[in-house]
Amino acid sequence: MRRFLRYAMVLSLLLLMLVSFLSPTSSADGTRETVYVVPITETVEKGLSSFLKRSVNEARDQGADHIIFEVNTPGGRVDAAAEIANLFQSIEIPNTAYVVQEALSAGSYISLNADQIYMKPNTTMGSAGVITSDGNAANKKAQSDWVKKMRTAAELNNRDPLYAEAMANPDIDLPKYKAGKGKYLTLSAAEALEVGYAEGVVDSREQLLSELGLSDSEIITTNPTFTERLARLITHPVVVPILLSVASLGFVAELYSPGFGIAGSMGLLALGLFFYGHMIAGLAGYEAIILFGLGVVCIVLEFFVPGGILGIIGTGGVVGSLFMSTDDIGHMTMSLLIAIIVAIIGSVILFKTIGFDRGFLRNIVLSDSTSSEKGYLSSNNRDDLIGNMGEAVTPLRPSGTGIFNDERIDVVTEGSFISAGASIKIVRVEGSRIVVREIKQEKE
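Note that the structure is a prediction, hence the values are computed from the model and not measured. (Residues numbered from 1 in each chain as written. Predicted model: local features only at pLDDT ≥ 70, side-chain atom pairs only at ≥ 80, totals over all residues. Heavy atoms only, no water.)

**Observations regarding the overall build of the protein chain**
Line of reasoning, step 1. When its secondary structure is counted, the protein chain shows 15 helices and 13 strands.
Line of reasoning, step 2. Within the protein chain, the proportion of its 444 residues that are buried is 41%.
Line of reasoning, step 3. A separation of at least 24 residues holds for 60% of the contacts in the protein chain among residues at least 6 apart in sequence.
Line of reasoning, step 4. Accessible area for the protein chain stands at about 24300 Å²; split by element, carbon and sulfur atoms hold 58% of it. (Helix = DSSP H or I, 4+ residues; strand = E, 2+ residues; numbered from the N terminus. Buried < 20%, exposed > 50% of the residue type's maximum accessible area, 1.4 Å probe, protein only. Contact = heavy atoms within 4.5 Å. Areas by Shrake-Rupley, 256 points an atom, 1.4 Å probe, with all protein chains shown as cover.)

As structure tokens, this is what we get:
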């Protein structure tokens, strides 16, 4: 009996090992399959691209079996979307774009580059027209390039490129999907499934995993780190001009403040955040920061060294460092113009309210003046001489010298010639100019 029990236990263990080995949810090393879930949310910009690169590399390093990108974005920068699309095309791990709310504009382009697309009910994908930073439609060259990118992304996974083009080109007429001429195509989940732009419509992540045959997989969700979130915020097209405006206004206000205080610290913090975020996003390097530092030093030295050359060099260094930290020259130009306008307005307000009486400017701007109230006189006031009579010592042609109460005084006539020895009278005093008239002429 004991021998029978022993054989039964050994047989049970062997069967358990065999079942575990043959389990369909087991990977090659005997562990559960691993699925990485990566969110694509908010505006598409360079910070998002950096986060996605880090997530994909982490999935590769951990030997992930599948990557699910959960998409909910209204779109964003075309260049960032193109960078993310290249990343998707380089992923050797099977991947799925799962639209959980909307995949519009750049979001639709990113989704089309995934191996497959699933959507939640009542979600949308499309409306991918190119809009510039000032809210206007892009030029024809940019539009044409973007339409080509959309078509290529669709063809990448054997989808009809007509619908991808209609998402970016309002001239495509698709009235069946409420996208007649003049309107960009936006597909609902059901419409995307109908035209082959979605492999399925699922209610939840669990249902998606079931559709993919990954129900028993280990799920690892990646999220942006604090620094990545900060980089995404700082590199946002709206935030960049705000940071530069705060920096310019802070430095202007510091010129009117005694010592180095809150205003200057605010300016330095704004610039520090600008460069930090752009470094994390991979847009700026140490060379940009070094150039900016050298530019600031030159500008400061300009206050003490006459000539103007250091100021020009410093300004060029600061502006150059900002352009080195971006890949969108047009947007940076607009941001700088906004910052300059804010600085000018701030300077005018501060000058009218404070003037040059306080702050750093009081040390480099001459504000002292001489006045009679302070005891400064350009010449002695001789109004007391009016009415005095004397004698011309020299001929007055019309200026010369007269003597009044034993005092020799330089005088000038009203224009006529007066010979030496003639009697004269002081009729008025104009500063240092003492005007006389011949007494004989006055009596006549």
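Now that the structure has been shown, we can carry on.
**Looking at the sheet that holds strand S13 (residues 433–438)**
Strand-to-strand pairing in sheets goes through backbone hydrogen bonds, with the strands running parallel or antiparallel.
Line of reasoning, step 1. Read around the closed barrel, the 5 strands follow the order S9-S10-S11-S13-S12; overall the barrel is mixed. Here the average twist between neighbouring strands, direction ignored, is 55°.
Line of reasoning, step 2. Inspection of the sheet shows strand S12 (residues 423–430) paired to S13 by 6 bridges, in the antiparallel sense. The residue of S13 that forms the bridge with Val429 is Ile434. (Pairing = 2+ DSSP bridges. Axes fitted to C-alpha atoms, helices over the stretch in contact; angles between N-to-C directions.)

**Brief notes about a nonpolar patch on the surface**
Line of reasoning, step 1. A grouping of Val296, Val297, Val300, Leu301, Phe304 and Val305 is seen on the molecular surface, where their side chains present a nonpolar patch of about 490 Å² in accessible area.
Line of reasoning, step 2. Note on placement: Val305 falls in the loop between helix H12 (286–302) and helix H13 (309–324). (Patch = residues over 30% accessible without salt bridge, like charges linked within 9 Å, V, L, I, M, F, W, Y side chains within 5 Å. Salt bridge = Lys/Arg side-chain N within 4 Å of Asp/Glu carboxyl O.)

**Structural notes on the side chain of Ser55**
Line of reasoning, step 1. If you trace the backbone, Ser55 turns up in helix H2 (residues 46–61).
Line of reasoning, step 2. In this structure Ser55 comes out as buried when scored by relative accessible area, which is 1%.
Line of reasoning, step 3. Ignoring any residue separated from it by four or fewer positions in sequence, one finds Ser55 in contact with Val38 and Thr222.

**Points about the nonpolar core**
Line of reasoning, step 1. Membership of the largest hydrophobic core comes to 55 residues, with the highest contact counts inside it found for Leu52, Phe69, Met150, Leu185 and Tyr197.
Line of reasoning, step 2. The element best represented in this core is helix H3 (residues 78–90), accounting for 6 residues.
Line of reasoning, step 3. With sequence-adjacent residues up to four places away left out, Tyr197 is seen in contact with Leu112, Ile117, Met125, Ala154, Arg159, Asp160, Pro161, Tyr163, Ala164, Met167, Leu187 and Ala192.
Line of reasoning, step 4. Counting 18 residues, the second-largest nonpolar core is a separate cluster that includes Ile234, Val240, Ala247 and Leu336. (Core = buried A, V, L, I, M, F, W, Y, C linked by side-chain atoms within 4.5 Å.)

**Comments concerning unusual backbone geometry**
Glycine aside, residues mostly have negative phi, and peptide bonds are mostly found in the trans state.
Line of reasoning, step 1. Cis rather than trans, the peptide bond between Arg397 and Pro398 has omega equal to -10°.
Line of reasoning, step 2. Here Ser105, not a glycine, exhibits a phi torsion of approximately 50°, which is positive.
Line of reasoning, step 3. The residue Asn405 is not glycine, and still its phi comes out positive at about 50°.

**Overview of the confidence of the model for the protein chain**
Line of reasoning, step 1. Across the protein chain, the average pLDDT comes to 82, with 83% of residues at 70 or higher.
Line of reasoning, step 2. Model confidence for the protein chain, summarised as mean pLDDT per element, is weakest for helix H1 (residues 2–22) at 48 and strongest for strand S4 (residues 116–119) at 97.
Line of reasoning, step 3. Contacts of residues 18–30 to residues separated by more than four positions or lying in other chains number 8 contacts, the stretch itself having pLDDT below 50.
Line of reasoning, step 4. Taken together, the stretch residues 359–364 has pLDDT below 50 and engages in 15 contacts with residues farther than four places along the chain or on a different chain. (pLDDT = per-residue confidence, 0-100.)

**Looking at the UniProt feature "transmembrane region" (unreviewed entry) in the protein chain**
Line of reasoning, step 1. Summarizing the sequence annotation, UniProt attributes the feature "transmembrane region" (unreviewed entry) to residues 255–276, 288–313 and 333–351 in the numbering used throughout.
Line of reasoning, step 2. Secondary structure content for residues 333–351 is 100% helix and 0% strand, and the end C-alpha separation is 27 Å. (UniProt positions renumbered as here; feature names shortened; annotations may be inferred.)

**Re helix H10 (residues 239–255)**
Line of reasoning, step 1. For H10, built from 17 residues, the straight-helix expectation of 24 Å at 1.5 Å per residue is met to within 8% by its first-to-last C-alpha distance of 25 Å.
Line of reasoning, step 2. H10 sits mainly inside the fold: 12 of its 17 residues count as buried.
Line of reasoning, step 3. Every buried residue belonging to H10 is among Val239, Val240, Pro241, Leu243, Leu244, Ser245, Ala247, Ser248, Gly250, Val252, Ala253 and Glu254, and all of these are buried. (Expected span 1.5 Å × (residues − 1).)

**Focus: the packing of helix H9 (residues 226–234) against helix H11 (residues 262–280)**
Line of reasoning, step 1. For the pair H9 and H11, the least separation of the axes is 8 Å and the interaxial angle reads 115°. The angle between the axes of H9 and H11 places the two elements in the roughly perpendicular class. Handedness of the H9/H11 crossing: left-handed. Two secondary-structure elements touch here, H9 through Thr227, Leu230, Ala231 and Ile234 and H11 through Leu273, Phe274, Tyr276, Gly277, His278 and Ile280. (Parallel < 35°, antiparallel > 145°, perpendicular 65-115°, else oblique. Left-handed = near helix turned anticlockwise from the far one by under 90°.)

**Let's talk about the pattern of salt bridges**
Line of reasoning, step 1. Using the criterion set out here, one finds 14 salt bridges in the structure.
Line of reasoning, step 2. A salt bridge links Lys176 to Glu194, with the shortest nitrogen-to-oxygen separation between them at 3.0 Å. Here Lys176, found in the loop between helix H6 (161–168) and strand S6 (186–188), pairs with Glu194, found in helix H7 (residues 189–194); they are 18 residues apart in sequence, far enough to count as distant.
Line of reasoning, step 3. Residue Lys176 is classed as exposed on the basis of its relative accessible area of 61%.
Line of reasoning, step 4. Across the pair Arg433 and Glu430 runs a salt bridge whose closest N-O atoms are separated by 2.8 Å.
Line of reasoning, step 5. Where salt bridges share partners, they join Glu414, Arg428, Glu430, Arg433 and Arg437 into one cluster.

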